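Structural characterization, general
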Amino acid sequence: MPSLPGVGYSEEIRSLEERLEELRERQPSTAVWKVVERARNPHRPQTLDYVEHIFSDFQELRGDRVSADDPAIIGGMGTLAGRSVMLIGQQKGHDLKERQRHNFGMARPEGYRKAQRLARLAEKFHMPVISFVDTPGAFPGADAEEGGQAGTIARTLQVFSGLTVPTLSVILGEGGSGGAVALALTDRVYMLENSIYSVITPEGCAAILWRDASEAGSAADALRITAQDLLELGVIDEIIPEPRKGAHKAHRATAKKLARALEAGLSELEELSPSERRRLRREKYLQMGQVAS
Amino acid sequence: MNKYVTVQITQKGAVPSEPAAQGKHCPACGIPLTQEVLEESLFVCPGCEHHLPLDAPGRIHALADAGSWLEVAGEVRPSDPLAFEDVRLYSERLDDAQAETGLSEAFLTGTCRINGVPAALGVMDFRFLGGSMGSVVGERFHQLVLAAIDEHRPLVVVTSSGGARMQEGILSLMQMPKTVVALDLLAEAGLPFVSVLAHPTTGGVLASFATLADVIMAEPGALLCFAGPRVIEQTTREKLPEGFGRSEANLQHGQIDMVVHRRDIKERVVEILRLLEGGVICRLEEPVREDEEVLPWGSSPFAQAFARAKELAVASRGWLLGRDT
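Residues numbered from 1 in each chain as written. Chains lettered and ligands numbered in written order. Predicted model: local features only at pLDDT ≥ 70, side-chain atom pairs only at ≥ 80, totals over all residues. Heavy atoms only, no water.

1. Things to note about the overall build of chain A
Assigned secondary structure in chain A consists of 13 helices and 9 strands. Here the C-alpha atoms of chain A give a radius of gyration of 19 Å, agreeing with the 19 Å that 2.2 N^0.38 yields for 293 residues. If you line up chain A on its principal axes, its C-alpha atoms span 60 × 50 × 40 Å. Buried residues in chain A amount to 56% of all 293 residues. Long-range contacts, defined here as pairs at least 24 residues apart, represent 73% of the contacts in chain A between residues at least 6 apart. Total accessible area on chain A stands at roughly 12,200 Å², and carbon and sulfur atoms take up 50% of it. Averaging the coordinates of the 38 positive side-chain charges in chain A and doing the same for the 41 negative ones gives two points 4 Å apart. (Helix = DSSP H or I, 4+ residues; strand = E, 2+ residues; numbered from the N terminus. Rg over C-alpha atoms; globule rule 2.2 N^0.38 Å. Buried < 20%, exposed > 50% of the residue type's maximum accessible area, 1.4 Å probe, protein only. Contact = heavy atoms within 4.5 Å. Areas by Shrake-Rupley, 256 points an atom, 1.4 Å probe, with all protein chains shown as cover. Lys, Arg positive; Asp, Glu negative; His and termini not counted. Charge placed at Lys NZ, Arg CZ, Asp CG, Glu CD.)

2. Points about the overall build of chain B
Summing up its helical and strand segments, chain B has 11 helices and 10 strands in all. When each of the 325 residues of chain B is scored for burial, the buried share is 57%. For chain B, the share of sequence-separated contacts (at least 6 apart) that also reach a separation of at least 24 residues comes to 70%. Carbon and sulfur atoms make up 52% of the accessible area of chain B, which totals about 13,200 Å².

3. As for the pairing of strand E2 (residues 73-80) of chain A
Residues and elements named next belong to chain A. Counting buried residues along E2, 6 of its 8 residues qualify, which places the element largely inside the surrounding structure. Where strand E1 (residues 59-60) lies against E2, 2 bridges are found, and the strand directions are antiparallel. Residue Glu60 lies in a different strand from E2, and its bridge partner there is Gly76. (Pairing = 2+ DSSP bridges.)

4. A short note on helix H10 (residues 216-223) of chain A
By the criterion of burial, H10 of chain A is predominantly enclosed, with 6 of the 8 residues buried. For H10 of chain A, every residue scored as buried is listed here: Ala216, Gly217, Ala219, Ala220, Ala222 and Leu223 of chain A. Those residues of H10 of chain A hidden inside the fold are in contact with helix H2 (31-40), strand E7 (196-198) and helix H9 (202-210) of chain A together with helix H5 (169-173) of chain B. Positive backbone phi, at 55°, marks Arg224 of chain A, one or two positions downstream of H10 of chain A.

5. As for the packing of helix H7 (residues 149-162) of chain A against helix H6 (residues 175-188) of chain B
Two elements in contact, H7 of chain A and H6 of chain B, have axes whose closest approach is 9 Å; the angle formed by their N-to-C orientations is 60°. The crossing of H7 of chain A and H6 of chain B is right-handed. Of the residues in H6 of chain B, those touching H7 of chain A at Ile153, Ala154, Leu157, Gln158, Ser161 and Gly162 of chain A are Met176, Pro177, Val180, Val181 and Asp184 of chain B. In terms of residue class, the contact of H7 of chain A with H6 of chain B is built from 7 nonpolar, 3 polar and 1 charged. (Axes fitted to C-alpha atoms, helices over the stretch in contact; angles between N-to-C directions. Left-handed = near helix turned anticlockwise from the far one by under 90°. Nonpolar A, V, L, I, M, F, W, Y, C, P; charged D, E, K, R; others polar.)

6. Quick word on the interface of chain A and chain B
The interface is formed by 51 residues belonging to chain A together with 60 residues belonging to chain B. Buried surface at the junction of chain A and chain B, summed over both partners, amounts to about 4,700 Å²; 70% is from carbon and sulfur atoms. Of all residues in chain A, Glu145, Leu209 and Leu286 of chain A give up the largest surface area on contact with chain B, accounting jointly for 15% of the area buried on that side. At the surface where chain A touches chain B, the tally comes to 2 salt bridges. The partner of Glu188 of chain B in a salt bridge is Arg282 of chain A, with the nearest N and O atoms 2.9 Å apart. Here chain A is connected to chain B by 14 residue pairs in polar contact (both at pLDDT 80 or more). Counting residues per element, the side of chain A that touches chain B draws most heavily on H7 of chain A, which supplies 10 residues. Per-class residue counts for the side of chain A that touches chain B are 27 nonpolar, 16 polar and 8 charged. (Buried area = accessible area lost by both parts, 1.4 Å probe. Salt bridge = Lys/Arg side-chain N within 4 Å of Asp/Glu carboxyl O. Polar contact = N/O pair within 3.5 Å; in protein donor to acceptor, adjacent residues only side chain to side chain.)

7. Re the packing of helix H3 (residues 47-54) of chain A against helix H12 (residues 251-270) of chain A
All names here are of chain A. Here H3 crosses H12 at 75°, and the two axes come no closer than 9 Å. Viewed along their axes, H3 and H12 adopt a mutual orientation that is roughly perpendicular. Contacts between H3 and H12 involve Asp49, Tyr50, His53 and Ile54 from the former and His251, Arg252, Thr254, Ala255, Leu258 and Ala259 from the latter. In the contact of H3 with H12, the residues fall into 5 nonpolar, 3 polar and 2 charged. (Parallel < 35°, antiparallel > 145°, perpendicular 65-115°, else oblique.)

8. Let's talk about unusual backbone geometry
Residues and elements named next belong to chain B. For the bond running from His199 to Pro200, omega is -20°, close enough to zero to count as cis. Within the secondary structure, Pro200 is located in strand E7 (residues 193-202). Positive phi, normally seen in glycine, also occurs at Asn115, with a value near 45°. Within the secondary structure, Asn115 sits in the loop between strand E4 (107-114) and strand E5 (117-124). By relative accessible area, which is 35% here, Asn115 ends up partly exposed. Even without being a glycine, His152 presents a positive backbone phi close to 55°. Considering the arrangement of structural elements, one finds His152 in the loop between helix H4 (135-151) and strand E6 (155-161).

9. Concerning the pattern of salt bridges
Residues and elements named next belong to chain A. A full pass over the atoms with the stated rule returns 34 salt bridges over all chains. In this structure, Lys92 engages Asp134 in a salt bridge whose closest nitrogen and oxygen atoms are separated by 3.6 Å. Highlighted residues: Lys92 in the loop between strand E3 (83-90) and helix H4 (96-101) and Asp134 in strand E4 (residues 129-135), separated in sequence by 42 residues. Given a relative accessible area of 5%, Lys92 falls into the buried group. For Arg224, the salt bridge identified is with Glu232, shortest N-O distance 2.9 Å. Residue Glu232 is classed as exposed on the basis of its relative accessible area of 53%. Each of the salt bridges in this network shares a partner with another, and the network as a whole consists of Arg40, Lys92, Asp134, Glu174 and Glu203.

What follows is the structure in structure tokens.
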């Protein structure tokens with residue numbers, strides 16, 4: 001008998017809720033873990049919330065012009081302090097239905113191709129590119145792999161490396177590995193105070209190195225994933241402070257602070273010539289890392 | 001030229017470490033294999049053609065002409081930027097990996113000749129912490145690209161890596177943009193990049209420089225995947241088909257150019273470089289306009305490397321011809 005529409009869906013919801021409960025039970029309780037919780041809080045403002053608060057005239061642009069439109073990455077143009085900007089942002093969704101629609105912010109190759117297309121469009125019309133990062137990671141699915149997930153991420157990085165327009169990225173909540181950095185090879189990188197940015201999830205790292213996923217708290221500490229850590233490591237330029245109760249309780253106030261940071265960054269970058277911007281961006285990334293000699 | 005350290009690869013006994021015996025039987029078909037047979041066959045099972053892992057010294061031996069290898073950036077050594085500790089100290093894991101492999105890191109970089117063709121060659125070693133990419137792999141890649149530009153050599157890299165090196169945290173993730181930016185410099189110098197993907201090439205290495213090559217070849221049966229089959233099955237509860245993510249599937253899905261048997265890789269790399277060179281000669285017939293911004297790198301070291309590359313290219317009318325190192 002063919003399954004009825006919606007039947008498999010509620011099964012999915014139930015199993016996800018169970019898994020959420022499971023994860024809640026083994027949460028560690030360090031200071032860093034509190035940040036991890038806030039970074040992942042489903043009520044935290046996301047790309048579309050910032051669109052609403054910051055860009056009054058936003059025009060969404062969809063599709064990768066190859067095969068699909070990926071709802072995990074939102075793209076479009078809007079006005080910020082008098083100039084047009086291109087926005088490319090990951091969207092997780094707030095409630096379960098939204099989260100399923102946006103695939104929990106996990107983009108597929110078509111999402112990264114959309115990002116490439118919009119970045120090139122911005123370059124053509126001299127518009128700054130602003131990207132918002134908020135993803136547990138690129139989607140780990142068979143279709144994504146066969147569609148060239150790895151190569152598409154690499155080519156997205158390549159497109160961002162070649163831009164001469166001002167580029168700014170903000171880690172809104174969760175900056176999950178390759179799927180996050182793909183949108184964050186930019187002149188300026190900001191993190192919200194309670195966001196995280198990591199090469200691997202603390203859970204994944206704990207499972208591999210500790211061989212015990214319940215050590216996620218220890219992994220979160222060791223990986224140094226908070227905004228303060230990344231500022232100290234020279235990976236980001238600035239921390240955008242959140243209202244005291246956290247961004248999830250104050251969307252509008254957070255958006256205001258974020259807009260101010262973006263405007264200041266844009267003004268600085270607009271002082272530079274296009275080739276200078278690209279040269280400085282490339283030199284910054286060529287210096288990333290720490291070695292002994 | 002004190003920036004180079006010479007590693008003699010003239011005979012098997014002189015490589016930094018002997019390729020380790022892979023057990024007495026082929027893991028695929030089970031036939032018994034001796035060390036002698038394996039070395040003779042470049043670690044490909046003569047019974048079923050299964051490609052066993054080949055370490056970095058063995059790889060250099062298989063690709064570089066005898067006596068032509070000069071190490072580049074060998075002095076770039078790992079540090080422990082996060083003072084990382086899981087159930088063990090990262091610094092201890094590094095010490096052990098160095099002792100076990102006889103290598104200082106997971107990536108050997110140098111210049112050499114491949115069937116007489118000058119090249120900049122990088123080879124990864126999966127035995128060294130899973131061939132993971134940390135700061136040293138990224139910096140050696142960067143310096144290899146600069147050497148390629150400086151000496152006007154095409155870039156050839158053999159990859160084998162589980163992805164980013166977790167113990168260096170976000171700094172390992174930053175090696176993705178870093179290697180991508182380095183390749184922009186290579187492209188602007190008009191030099192080609194051929195990558196050879198060996199089993200396994202996954203995660204951050206596949207999602208950065210490995211898939212940005214002008215021509216991508218892979219060894220048969222190599223797992224080439226961003227997330228890895230286990231993660232995919234756990235996340236999506238999909239049952240993956242036999243051969244998922246392997247070289248042959250990647251070829252079918254348009255992600256790589258060719259699947260090449262290990263014994264033919266040297267020949268194929270050289271053929272591709274020769275064909276690509278034909279186009280370079282054509283391009284250089286164009287006069288360089290004085291008012292053009294030919295040095296986009298200002299007065300930085302990159303600009304000097306770029307300018308030198310351009311001079312050499314014009315002088316030699318191509319990156320393979322007339323170069324004698």
